[in-house]
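Coordinates in review
Take a look at the letters that make up each chain.
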Amino acid sequence: MNIKHIKQPFLKKFPGDFSNNPMQRNTPKVLFATIKPAGFEKPRLIAFNEDLSEKIGLGKFEEKDLNFLVGSLLPENIQTYATAYAGHQFGNWAGQLGDGRAILAGEITDANGKKTEIQWKGAGATPYSRHADGRAVLRSSVREYLMSEAMYHLGIPTTRALSLAFTGEDVIRDMMYNGNPQYEQGAVVIRTAESFLRFGHFELLYAQEEYKLLQDLVDFTIENYFPEIVSSGHQRYKDFFENVCTRTADLIVEWCRVGFVHGVMNTDNMSILGLTIDYGPYSMMDEYNLSFTPNTTDLPGRRYAFGKQGQISHWNLWKLASALQPIIKDEKFLENTLKNFGVYFWDAHDKMLCKKFGLDGLKKEDEEFFGTWQVLMQELQLDHTLFFNQLEKITADTDIKEHFSPVAYTVLNEEKLRILQDFIVKYQSRLHLNSISKEDSLELMSKTNPKFILRNYLLYECIEEIGKGKTELLTKLTQALENPYKELFPEYSVKRPSSYDNTAGCSTLSCSS
Ligand code: AMP
Ligand code: MG
């Protein structure tokens, strides 16, 4: 791999703490602190993403690169670093947080000049580790590695994953926070993104009243990551905020399209570029349920439930707006932009639903139709993904009960069947209003509705296997997630087996990772 081509523009541009001091502390007035990864002596490779490596300009993997993958071998010319950010967690201001177990190597440039940041996750403690160990366990690393790639192949903006390796070191975790700590195998993921900047980076500078630095960071972000912004002067900052709102709304609509629930939408986990970032206690939704949250910490208030993700991203944008106010200096503008967010979001959301149903455009009556559909999905506990796959396959002589029973998590009794039949009749009459052909409508559906989603139980099985030294399922799941709109493995396009209904690490997940 061409690791010696890694450059560090962020580190050169902004003030940092260059002490390399690992002591956990607040670092006011700087955006990062240099820190070395812990160094692991016996790493073992689990997976390497060759396509991504070539694509971003890192080239081919050779045996000697293994130490780089866990942060034990560093290119001579770089100083590795962790960035400082803050955030609102579960609705409360949490102050300084920062990269507690992410360490940045820098940036690599591909043949076309496109730049990609590279960071290790789980490679050791940083000044921002807040009494934790800076390590990551196998289960959370597999989950990050596979899901970020699954999202990429679904066509959803996301950070990506380059490699997954055992550190050779065990770490202790209390997975369910129930006083039962266990040793687990440690692992490191290298992840990549155009930038890992979060809302929280801007919030931190605002909280410290570092307005000049805040402006510099906004300028840097626009210049490097928002080529669509061509205005100048004050308007540039307004356009920036509007763009972040649009990218965020578009992202959440995409999550809704495939049934992704992030699980910890704190402002420190919100990418300023509108990427999916920080794969923790997330889940793809099996049975449709607006109040589904996979995160055990979130169960009391269900703040981050599937159906609330739009609303929460709006709340997070309010916090970002407050942080940017000293630069934008126009409260009325910020208020209006935030007001428009709701309108924009729901319009984009309904247009997305139209595509899922194979409808060529949004009509006024559709709002009611979608409302009826939501009730149907919840009442009949239908699988979000499989429902649309089955809808595509309906013909004049389909037996509705037989057709939909395998994708429902409850028995379709007479009453439920009647609700479903009524809905299908409504749907068919809506299809008659389409101005596109039946073939085009079906094509739209098959491009919008994945046939394969990376369900939690599959991840759970895969983690168990890797823990025992086997990688067959990992290979198969990788192939499946690279082709989510095809049905490569019919055995994975079925609903969650009931044996997994109450399995910890499968039906519910903790933040422990
Ligand atoms: P999150 O769960 O992503 O919202 O994390 C909140 C904060 O905790 C971030 O600053 C993380 O970097 C940090 N953090 C989470 N796990 C660890 C760990 N094992 N060691 C150090 N910091 C951690
Ligand atoms: Mg985080």
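Just so we're clear, the structure is a prediction, and the values are computed from it rather than from any experiment. (Residues numbered from 1 in each chain as written. Chains lettered and ligands numbered in written order. Predicted model: local features only at pLDDT ≥ 70, side-chain atom pairs only at ≥ 80, totals over all residues. Heavy atoms only, no water.)

If you tally the helices and strands in the protein chain, you get 16 helices and twelve strands. Since a compact globule built from 513 residues should have a radius of gyration of about 24 Å, the 23 Å found for the protein chain is in line with a globular shape. Dimensions of the protein chain, computed from C-alpha atoms along their principal axes, come out at roughly 70 × 60 × 50 Å. Per-residue burial for the protein chain yields a buried fraction of 57% across its 513 residues. Put simply, of all contacts in the protein chain between residues at least 6 apart along the chain, 69% involve residues at least 24 apart. Charge separation in the protein chain, taken as the distance between the mean sites of 57 positive and 67 negative side-chain charges, equals 3 Å. (Helix = DSSP H or I, 4+ residues; strand = E, 2+ residues; numbered from the N terminus. Rg over C-alpha atoms; globule rule 2.2 N^0.38 Å. Buried < 20%, exposed > 50% of the residue type's maximum accessible area, 1.4 Å probe, protein only. Contact = heavy atoms within 4.5 Å. Lys, Arg positive; Asp, Glu negative; His and termini not counted. Charge placed at Lys NZ, Arg CZ, Asp CG, Glu CD.)

This part takes up the coordination of the magnesium ion (ligand 2). Surrounding the magnesium ion (ligand 2) are the protein donor atoms N269 (OD1) and D278 (OD), at 2.0 to 2.2 Å. By the burial criterion, N269 is buried, and D278 matches it. (Donors = N, O, S within 2.8 Å, 3.2 Å for Na, K, Ca; no water.)

Extensive coverage of strand 10 (residues 182–193) is indicated by the burial of nine of its twelve residues. Pairing between strand 9 (residues 160–173) and strand 10: ten bridges, direction antiparallel. Bridge pairing in strand 10 places L164 opposite V189. (Pairing = 2+ DSSP bridges.)

What follows concerns the site of ligand 1. Of all residues adjacent to ligand 1, which total 17 residues, the nearest are G98, G100, R130, G134 and N269. Between ligand 1 and the protein, one listed contact pairs a nitrogen atom with a side-chain N or O atom of R173 at 3.4 Å. Within the complex, the protein chains bury 79% of what would otherwise be the 490 Å² of accessible surface of ligand 1. Considering only residue class, the shell around ligand 1 consists of three nonpolar, six polar and eight charged. (Near = heavy atom within 4 Å. Polar contact = N/O pair within 3.5 Å; in protein donor to acceptor, adjacent residues only side chain to side chain. Areas by Shrake-Rupley, 256 points an atom, 1.4 Å probe, with all protein chains shown as cover. Nonpolar A, V, L, I, M, F, W, Y, C, P; charged D, E, K, R; others polar.)

To continue, consider the environment of F489. Of note, F489 is situated in the segment after helix 16 (472–482). Since its relative accessible area comes to 16%, F489 is described here as buried. Here the alpha-carbon distance between F489 and Y225, two residues 264 residues apart in the chain, equals 38 Å. Sequence-distant contacts of F489, that is, excluding residues within four places in its chain, are made with K476, Q479 and A480.

Glancing now at the pattern of salt bridges. Under the defined criterion, the tally for this structure stands at 27 salt bridges. For E184, the salt bridge is made with R139, and the minimal N-O distance between the two is 2.8 Å. Here E184 is found in strand 10, whereas its partner R139 is found in helix 4 (residues 138–154), with 45 residues between them in sequence. One exposure class covers both E184 and R139, and it is buried. (Salt bridge = Lys/Arg side-chain N within 4 Å of Asp/Glu carboxyl O.)

This next bit is on the packing of helix 8 (residues 309–328) against helix 9 (residues 331–356). The interhelical angle for the contact between helix 8 and helix 9, taken along N-to-C directions, is 160°, at an axis separation of 10 Å. One element, helix 8, and the other, helix 9, form an angle in the roughly antiparallel class. Classified by chirality, the crossing of helix 9 by helix 8 is right-handed. Between helix 8, through G310, S313, H314, L317, W318, A321, Q325 and I328, and helix 9, the contact on the second element is made entirely by E331, F333, L334, E335, L338, F341 and F345. Taken together, the residues that form the contact of helix 8 with helix 9 break down as nine nonpolar, four polar and two charged. (Axes fitted to C-alpha atoms, helices over the stretch in contact; angles between N-to-C directions. Parallel < 35°, antiparallel > 145°, perpendicular 65-115°, else oblique. Left-handed = near helix turned anticlockwise from the far one by under 90°.)

Okay, the pairing of strand 9 next. Judged by how many residues are buried, strand 9 sits mostly within the fold: ten of 14 residues are covered. Where strand 3 (residues 44–48) and strand 9 come together, four bridges link them in antiparallel fashion. Across the sheet, A47 pairs through a bridge with L164, a residue of strand 9.

Taking burial as the measure, the nine residues of helix 5 (residues 199–207) include seven buried ones, the bulk of the element. The inward-facing, buried residues of helix 5 abut strand 4 (81–83), strand 5 (86–89), strand 6 (92–96), helix 6 (211–225), helix 7 (233–258) and helix 8. Of the residues one or two after helix 5, E209 is the one with positive phi, at around 55°.

Moving on: the packing of aromatic side chains. Per the stated rule, a full pass over the model turns up 39 aromatic pairs. Each ring, one from F10 and one from F32, has its centre 6.2 Å from the other, and the planes form 55°; the classification is tilted. Of this pair, F10 sits in helix 1 (residues 9–13) while F32 sits in strand 2 (residues 32–34), placing them 22 residues apart in sequence. For the pair formed by F10 and F32, the shared burial category is buried. Members of the aromatic cluster, connected to one another through ring pairs, are Y288, F306, F357, F369, F370, W373, F387, F388, F404, F423 and Y427. The ring centre of W315 lies 5.0 Å from the NZ or CZ of K319, which sits over that ring. (Phe/Tyr/Trp six-rings, centres within 6.5 Å; stacked < 30°, edge-to-face > 60°. Lys NZ or Arg CZ within 6 Å of the ring centre and 35° of its normal.)

As for its placement among the helices and strands, R160 is situated in strand 9. With a relative accessible area of 9%, R160 lands in the buried category. Looking at R160, its side chain comes within polar contact range of the side chain of E149, at 2.6 Å. Among all residues touching R160, those that are not within four sequence positions of it are N49, L52, K55, S148, E149, Y152, H153, I190, R191 and T192.

On to helix 14 (residues 438–448). Buried residues of helix 14: S441, L444, M445 and T448, and no others. In a view along the axis of helix 14, the buried residues occupy a sector of 100°, so they form one face of it. When the buried face of helix 14 is taken as reference, the exposed residues oriented beyond 90 degrees from it are E439 and K447. (Arc of directions from axis to C-beta.)

Summed over all chains, the structure comprises zero disulfides. We note that C245 lacks a disulfide partner, and the nearest cysteine sulfur, in C256, lies 17 Å from it. A relative accessible area of 5% places C245 in the buried class. In this structure C462 is not part of a disulfide, and its nearest cysteine sulfur, from C506, lies 13 Å away. (Disulfide = S-S within 2.5 Å.)

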